[in-house]
Amino acid sequence: MTAEPDTLTACGWDQATYRCGRCGAEHTVTSEDASLKALGVHTDAHAVWDRLNPIERDGLVSILRTILSTPDLGFELLALADREHRTGGDTQPPPVVPGTTTPQSDPSPSNATAPATE
C-alpha cells in the first residue's frame, strides 16, 4: 500500500518562476494553484493595459497608486459606489465624451430664425 505525500514538496513541487516574454516581469510561486493564478492575473493585466490609450494608462496608474497606498480607501470607495448605485443618487452627471453626444437644438428666441422679409 502506498501513502499519499502530505506536502507539495514531497510531490516534487518546490517553487516555480514565471517570466513574461512581453514585459520581463517575474513571479516566483510555491504552488501550482498560485502559479496558475499569477499567470492568469498577469495575462489579464496585459489585456486591460493593451486596451487603454496613454492618457487612460496615466490616469489608471495614478488612481491605483492612490487607492493601493491605503487599502481601506479602496474598500470605502467600493462601499460608497454600492450605496450610490442602490439609492440611485449619482453625485455627478455622466461624463461628456467628445463625438458621442447628440447635439440638442436650442429653443431660445435668440436662436430662432427671423422670418424672411419681402
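As a reminder, the structure under discussion sits directly above these lines.
Please read these numbers as outputs of a predicted model, since none were measured by experiment.

Chemist: How would you sum up the overall build of the protein chain? Please name residues and give values.
Modeler: Each helix and strand in the protein chain was counted, giving three helices and two strands. The buried share of the protein chain, taken over its 118 residues, is 6%. When contacts within the protein chain are restricted to residue pairs at least 6 apart in sequence, long-range pairs at least 24 apart make up 9% of them. If you sum the accessible surface of the protein chain, you get close to 10600 Å²; carbon and sulfur atoms cover 58% of it.

Chemist: Help me get a handle on the side chain of His46, residues and values and all.
Modeler: Locating His46 in the fold gives a position in helix α1 (residues 32-51). Apart from the residues lying within four places of it in its own chain, the contact partners of His46 are Cys20, Arg22 and Cys23.

Chemist: Tell me what's going on with the layout of surface pockets, and back it up with residues and numbers.
Modeler: Empty space within the largest pocket amounts to approximately 220 Å³. What lines the largest pocket is His42, Ala45, His46, Val48, Trp49, Leu60, Val61, Leu64, Arg65 and Leu68. Among the residues making up the lining of the largest pocket, the classes are represented as seven nonpolar, two polar and one charged.

Chemist: Kindly report on the pairing of strand β1 (residues 16-19), identifying the contributing residues and their values.
Modeler: Across four bridges, the pairing between β1 and strand β2 (residues 26-29) is antiparallel. Note on β2: the bridge partner recorded for Thr17 is Thr28. In textbook terms, the turn of a hairpin is the stretch between consecutive antiparallel strands, and for β1 and β2 this stretch comprises six residues, one of which, Gly24, has a positive phi near 85°.

Chemist: So what's going on with the pattern of salt bridges? Which residues, and what values?
Modeler: Under the counting rule described, the total for this entry stands at two salt bridges. Between Arg19 and Glu26 there is a salt bridge, with its nearest N and O atoms 2.7 Å apart. Linking Arg22 and Asp50 is a salt bridge whose minimum nitrogen-to-oxygen distance equals 3.0 Å. Residue Arg22 is located in the loop between β1 and β2, and its partner Asp50 is located in helix α1; the two are separated by 28 residues in the primary sequence.

Chemist: With reference to specific residues and values, describe the packing of helix α2 (residues 54-69) against helix α3 (residues 71-87).
Modeler: Each pair of packed helices can be described by the angle between their axes along with the distance between the axes. Between α2 and α3, the shortest axis-to-axis distance is 4 Å and the interhelical angle comes to 110°. Taken together, α2 and α3 sit at an angle that is classed as roughly perpendicular. Here α2 contributes Thr66, Ile67, Leu68 and Ser69 to the contact with α3, which in turn contributes Pro71, Leu73, Gly74 and Leu77. Across the contact of α2 with α3, the residue classes break down as five nonpolar, three polar and no charged.

Chemist: For the environment of Glu26, give the residues involved together with the corresponding values.
Modeler: Along the polypeptide, Glu26 turns up in strand β2. Each C-alpha atom, one on Glu26 and one on Ala38, is 9.9 Å from the other, the two residues being twelve residues apart in sequence. When neighbours within four sequence positions are excluded, Glu26 is seen to be in contact with Thr17, Tyr18 and Arg19. Reaching out from Glu26, the side chain makes a polar contact with the side chain of Arg19 at a distance of 2.7 Å.

Basis of the calculations
- As a convention, each chain's residues are numbered from 1 in the sequence order in which they are written.
- Owing to the predicted nature of the model, reporting of local features is limited to residues with pLDDT of at least 70; listing and counting of side-chain atom pairs is limited to 80 or more, with chain, interface and lining totals taken over all residues.
- Hydrogens and water are ignored here; the side-chain numbers use all heavy atoms of the structure.
- Numbering goes from the N terminus for both helices and strands, where a helix is a DSSP run of H or I of at least four residues and a strand is a run of E of at least two.
- Only protein chains enter the accessibility calculation, which uses a 1.4 Å probe; a residue is then buried when its area is under 20% of its type maximum, exposed when over 50%, and partly exposed in between.
- Any pair of residues with heavy atoms lying within 4.5 Å of one another is described as a contacting pair.
- Each accessible area value is a Shrake-Rupley result obtained with a 1.4 Å probe; residue values ignore everything except the protein chains displayed when judging cover.
- Buriedness of a pocket was judged along seven lines, with at least five required to meet protein on both sides within 12 Å; pockets are open sets of points on a 1 Å grid over the protein atoms alone, cavities are sets where a 1.4 Å probe fits but cannot get out, and lining residues have an atom within 4 Å of a point.
- Grid points are joined across faces, edges and corners, and a volume is the space filled by probe spheres set on the points.
- In this classification, the charged set is Asp, Glu, Lys and Arg, the nonpolar set is Ala, Val, Leu, Ile, Met, Phe, Trp, Tyr, Cys and Pro, and all remaining amino acids, among them Gly, are polar.
- Strand pairing is assigned whenever DSSP identifies at least 2 bridges connecting the two strands.
- When a carboxyl oxygen of Asp or Glu is within 4 Å of a side-chain nitrogen of Lys or Arg, the pair counts as a salt bridge.
- Here the axes come from fitting lines to C-alpha atoms, over the contacting stretch only for helices, and the angles between their N-to-C directions go from 0 to 180 degrees.
- In these notes the angle categories are as follows: under 35 degrees is roughly parallel, over 145 is roughly antiparallel, 65 to 115 is roughly perpendicular, and the rest is oblique.
- As used in this structure description, the phrase polar contact means that two N or O atoms lie within 3.5 Å; if the pair is within protein, one of them must be able to donate a hydrogen and the other to accept it, and residues adjacent in sequence are counted only when both atoms belong to side chains.

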